[in-house]
Amino acid sequence: RYSIHHWLALAGAVILSLFITGGTLALPTLLQQGIDGFITAANLEDTPRLAGLTRTSLWYGLLVLLVFATTFVQTVLLEWIGQSIMHRIRLDLFTHILRLDLQFFSTHPTGRLVTRLTNDIQNMHEMFTSVMVSLFNDGLKLAGIFWFLAMMNSRLALVMAVFVPLALVITRIFSRFAREKFREIRVQLARLNSFLAESLAGMTVIQVFGGQERSSREHSELTGEYLQRSFGQIRVFGVFMPLTELMSSAAIALIVWYGGGEVVRSNLTIGELAAFLSYMRLFFQPLRELSQKYSIVQSAMASAERIFQTLDTEP
């Protein structure tokens, strides 16, 4: 309902993602052409070889600039869409809260309502700007990588496919743990904000009745619990990121071993092997991003649930 007003800008962001994906996937192919067509070509003299290598390098540089420019425009466009939608939601939510009954404010602490208007809306903003089109972009990139590898050398592509189920299982496990940690952090942050808002608003009452020590102790417990839950999230990321890098390094080592043997047997060119290694690095990057963005989606959906639950509350 909120994003339908920006369908034209969202369509433009999707079209830009096609250019970004196409340009990114074409870079390793240019690398292969430069190596096989000019560097290792034995049937060319030095002058045409250098000229061809210079031409390929210029095309490579222009493609990098094109990817940079389209990524910049897409980022600005998505930020504009996200900020516009969040601005509309903030206005609607605050206007709706102003019309609610007094009894609603007796059962809902101020800090939780502040969290609805700030942190929860910010979580939804992250989903709009870094997830919606990026998920499409990453999925398209993975499909394109497999297509390029299969067209280049089907045997080496099958060797690389061994790591796909393992990567999916690891990503799935990580996403489940990360979702739980995100939810725990959001719940604890709402409690902390609620305590701070109520304490600061009622500071005179706390001091008149000598409740400073009790409030300080309760605040320490809340912040300590928030710290521990944040450390739990860090530990999950601390296991997943090195594990993904280890799997990426193992895949590169396997490709160098198997692909190097194919080069020795003249079944594969050095340029194709270099392109395979470049595609392998590109392959694991979307997997890392997809797992992180899956957690952002889970956090944003939890925030959206609380926001629209408040909007659905009738005065």
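Shown above is the structure to which this text applies.
Residues numbered from 1 in each chain as written. Predicted model: local features only at pLDDT ≥ 70, side-chain atom pairs only at ≥ 80, totals over all residues. Heavy atoms only, no water.

### Quick notes on the overall build of the protein chain
When helices and strands are counted, the protein chain shows 10 helices and zero strands. Overall, the protein chain shows an N-to-C arrangement of helices and strands of α-α-α-α-α-α-α-α-α-α. Relative to the 2.2 N^0.38 estimate, which gives 20 Å for 315 residues, the radius of gyration of the protein chain is 26 Å and therefore markedly larger than a compact globule would have. The principal-axis extents of the C-alpha atoms in the protein chain amount to approximately 90 × 40 × 30 Å. Sequence-distant contacts in the protein chain: of pairs separated by 6 or more residues, those separated by 24 or more amount to 86%. (Helix = DSSP H or I, 4+ residues; strand = E, 2+ residues; numbered from the N terminus. Rg over C-alpha atoms; globule rule 2.2 N^0.38 Å. Contact = heavy atoms within 4.5 Å.)

### Concerning the packing of aromatic side chains
All told, the structure shown has six aromatic pairs when counted by the stated rule. Centre to centre, the rings of W147 and F148 are 5.3 Å apart; their planes meet at 85 degrees, and the pair counts as edge-to-face. When its relative accessible area of 52% is taken as the criterion, W147 is described as exposed. An aromatic cluster is defined as three or more aromatic residues linked by ring pairs; in this entry it consists of W147, F148 and Y279. (Phe/Tyr/Trp six-rings, centres within 6.5 Å; stacked < 30°, edge-to-face > 60°. Buried < 20%, exposed > 50% of the residue type's maximum accessible area, 1.4 Å probe, protein only.)

### Quick notes on the environment of A304
The topology assignment puts A304 in helix α10 (residues 270–311). Along the backbone, A304 and F284 are 20 residues apart, and their C-alpha atoms lie at a distance of 30 Å.

### Focus on the environment of L273
Along the chain, the position of L273 falls in helix α10. Of the residues examined, L273 reaches a relative accessible area of 14% and is grouped as buried. In this structure, L273 is in contact with I255, G259, G260, V263 and L268, ignoring residues within four places of it in sequence.

### A few points about a nonpolar patch on the surface
There is a patch of nonpolar side chains on the surface, built from F68, F72, V73 and V76 and spanning about 420 Å² of accessible area. Among the structural elements, V73 can be located in helix α2 (residues 46–98). A relative accessible area of 42% means that V73 is categorised as partly exposed. (Patch = residues over 30% accessible without salt bridge, like charges linked within 9 Å, V, L, I, M, F, W, Y side chains within 5 Å. Areas by Shrake-Rupley, 256 points an atom, 1.4 Å probe, with all protein chains shown as cover. Salt bridge = Lys/Arg side-chain N within 4 Å of Asp/Glu carboxyl O.)

### Structural notes on the nonpolar core
The tendency in soluble globular proteins is for nonpolar side chains to be buried as a group. Core analysis: the largest hydrophobic core is formed by 29 residues, its most contacted members being I145, L149, I255, Y279, M280, F283 and F284. In terms of residue count, the dominant contributor to this core is α10 (nine residues). Those residues in contact with L149 that lie beyond four places of it in its chain are S154, A157, M160, F276 and Y279. If you look at the next biggest cluster of nonpolar residues, it comprises 19 residues, including I97, I121, M124 and L311. (Core = buried A, V, L, I, M, F, W, Y, C linked by side-chain atoms within 4.5 Å.)

### Topic: the layout of surface pockets
One number sums up the size of the largest pocket: a volume of about 260 Å³. Elements with a minimum of two residues in the lining of the largest pocket: α2, α4 (110–130), α5 (132–152) and α10. When grouped by side-chain class, the residues that make up the lining of the largest pocket number two nonpolar, eight polar and five charged. (1 Å grid on protein atoms, 1.4 Å probe; cavity = no way out; pocket = protein on both sides within 12 Å on 5 of 7 lines; lining within 4 Å. Points joined across faces, edges and corners; volume = space filled by probe spheres on them. Nonpolar A, V, L, I, M, F, W, Y, C, P; charged D, E, K, R; others polar.)

### What to know about helix α6 (residues 154–161)
What α6 keeps buried is the set L156, A157, V159 and M160. All buried residues of α6 fall inside an arc of 155 degrees around its axis, so they share one side. (Arc of directions from axis to C-beta.)

### Some words on helix α1 (residues 7–39)
For α1, built from 33 residues, the straight-helix expectation of 48 Å at 1.5 Å per residue is met to within 8% by its first-to-last C-alpha distance of 47 Å. Its maximal kink placed at L27, α1 deviates by approximately 25 degrees, while the proline P28 follows within four residues. (Expected span 1.5 Å × (residues − 1). Bend = angle between axes of the 7 residues up to and from the residue.)

### Topic: unusual backbone geometry
At S266, a position not held by glycine, the phi torsion is positive, near 65 degrees. Its place among the elements puts S266 in the loop between α9 (212–264) and α10. By relative accessible area, which is 64% here, S266 ends up exposed.

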